[in-house]
Amino acid sequence: MRKIGILTGGGDAPGLNAVLRAVVLCASNEVRLDIVGIRDGFGGFAEGDEGVLPLTRESVRGLLWRGGSILGCNNRYRGDPAFFVERMKELGLEGLIIVGGEGSLTVAAQMAALGAPVVGVPKTIDNDVEGTDQTFGFDTAVSLVADMCIRLIDTAESHHRVMILEVMGRNAGHIALHGALGGSADIALIPEIPYRPEHVAQVIADRAARSRTYTLIVMAEGAAREGGGKVLDRYRTKLAGREILGGAAEVLAHELRALLDHEVRSLSLAHLQRGGAPTAFDRVLASRMGVLAARAIGSNRTNVFTAYRNSMVQLAPLSDAAGKVRRVDAGGRFLSAARALGISFGD
Ligand code: F6P
């Protein structure tokens, strides 16, 4: 049987384990492939035999609803695509399924350009992979954000407060936009639309004039004020040696306190958004993508990734996703619906 590797690159997202399970089950039931996992994203390639884990029907039992990745994830490791291709040969891998976001899919395309038989599966809670309408993990993250909004409204309304909820999304505001839509937020601040603190304050004042004594703001971590930059968590950035965002909501809270006579509180959902059991939608999407990836590699269709387009899971060239970020479309239907519902973007 042909031996195929699989790895989960970048940060974790609910549904990664469901993909592993789907690939292994499809490989065993239908396409007859031997599947081995590479540990810790691309990091496992540098760890000799320790970096590899055989995956069997037994090892993927009960994985459909388990968050995280049993293989481990790694968004710190940066390696050379030529080295990964070399390691594939040394490990006897006749194909590789790379489950990852934009960064990992870019590496996948580079490996494919070097002749490696590679299939990509897009993942990220941020939903910012180009070429696919949705990634698994996004629905789970948005469901959590929307639920937390409803809780915050209870307190915001009772205490007549402005509450700012910071959510993930460094380059794209899909989580903030959909979270605001599903969580009945009044203002959504996203990286694609620079906000003006004075406009945000005006929306709050206008609401107060209509006896709405509270305001809920959902803010992407990558949102920035007009003329300003993204807010970095300086301490963690220094420790990690790479840019880590954090604190945008508290910066805005500070700006609003100077403009309004209103109690303003901020909080961040941070990594609570990444863990937990995937929603049924994400389990189904991840499973469909895993099956398609196994079938693709089984029939030697490589240099492709599993894209979700118009409710169908289909193969698309890796070049559609590599090196690109799918941002919120300023003229798109979700933003337009949000504006029609009265959600302000602080612009
Ligand atoms: O998965 C993408 C993402 O959630 C970004 O929105 C966020 O900035 C980043 O991961 C955080 O990653 P880490 O856990 O490495 O700080």
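Residues numbered from 1 in each chain as written. Predicted model: local features only at pLDDT ≥ 70, side-chain atom pairs only at ≥ 80, totals over all residues. Heavy atoms only, no water.

### Topic: unusual backbone geometry
With phi around 55 degrees, H160 is a residue other than glycine that occupies positive phi space. For H160, the location among the structural elements is in the loop between α4 (138–159) and β6 (161–167). Although it is not a glycine, A270 adopts a positive phi angle of roughly 40 degrees. By the element assignment, A270 lies in the loop between β9 (263–268) and α9 (280–298). Here A270 falls in the partly exposed class, since its relative accessible area comes to 31%. (Helix = DSSP H or I, 4+ residues; strand = E, 2+ residues; numbered from the N terminus. Buried < 20%, exposed > 50% of the residue type's maximum accessible area, 1.4 Å probe, protein only.)

### What to know about the pattern of salt bridges
Scanning the entire structure with this criterion turns up 14 salt bridges. Put simply, D12 and R274 hold a salt bridge, and the shortest N to O gap is 2.7 Å. Here R274 lies in the loop between β9 and α9 and D12 lies in the loop between β1 (2–8) and α1 (16–31), a separation of 262 residues in the sequence. Across the pair E263 and R161 runs a salt bridge whose closest N-O atoms are separated by 3.2 Å. Residue E263 is found in strand β9, and its partner R161 is found in strand β6; the two are separated by 102 residues along the sequence. (Salt bridge = Lys/Arg side-chain N within 4 Å of Asp/Glu carboxyl O.)

### Remarks on the domain arrangement of the protein
Along its sequence, the protein is organised into domain 1 (2–137 + 278–320) and domain 2 (139–274). Just the C-alpha atoms count here: the centres of domain 1 and domain 2 sit 33 Å apart. With 16 residues of domain 1 in contact, the opposing surface of domain 2 contributes 13 residues. Buried surface at the junction of domain 1 and domain 2, summed over both partners, amounts to about 1200 Å²; 49% is from carbon and sulfur atoms. The tally of links between domain 1 and domain 2 comes to seven residue pairs in polar contact (both at pLDDT 80 or more). (Domains from an automatic or database assignment. Contact = heavy atoms within 4.5 Å. Buried area = accessible area lost by both parts, 1.4 Å probe. Polar contact = N/O pair within 3.5 Å; in protein donor to acceptor, adjacent residues only side chain to side chain.)

### A few points about the packing of helix α6 (residues 197–209) against helix α8 (residues 248–259)
One can describe the packing of α6 onto α8 by two numbers: an axis separation of 10 Å at closest approach and a directional angle of 65 degrees. Crossing hand, α6 versus α8: right-handed. Contact with α6, carried on its side by P197, E198, V200, A201 and I204, involves E255, L256 and L259 of α8 and no other residues of that element. Here the residues of the contact of α6 with α8 sort into six nonpolar, no polar and two charged. (Axes fitted to C-alpha atoms, helices over the stretch in contact; angles between N-to-C directions. Left-handed = near helix turned anticlockwise from the far one by under 90°. Nonpolar A, V, L, I, M, F, W, Y, C, P; charged D, E, K, R; others polar.)

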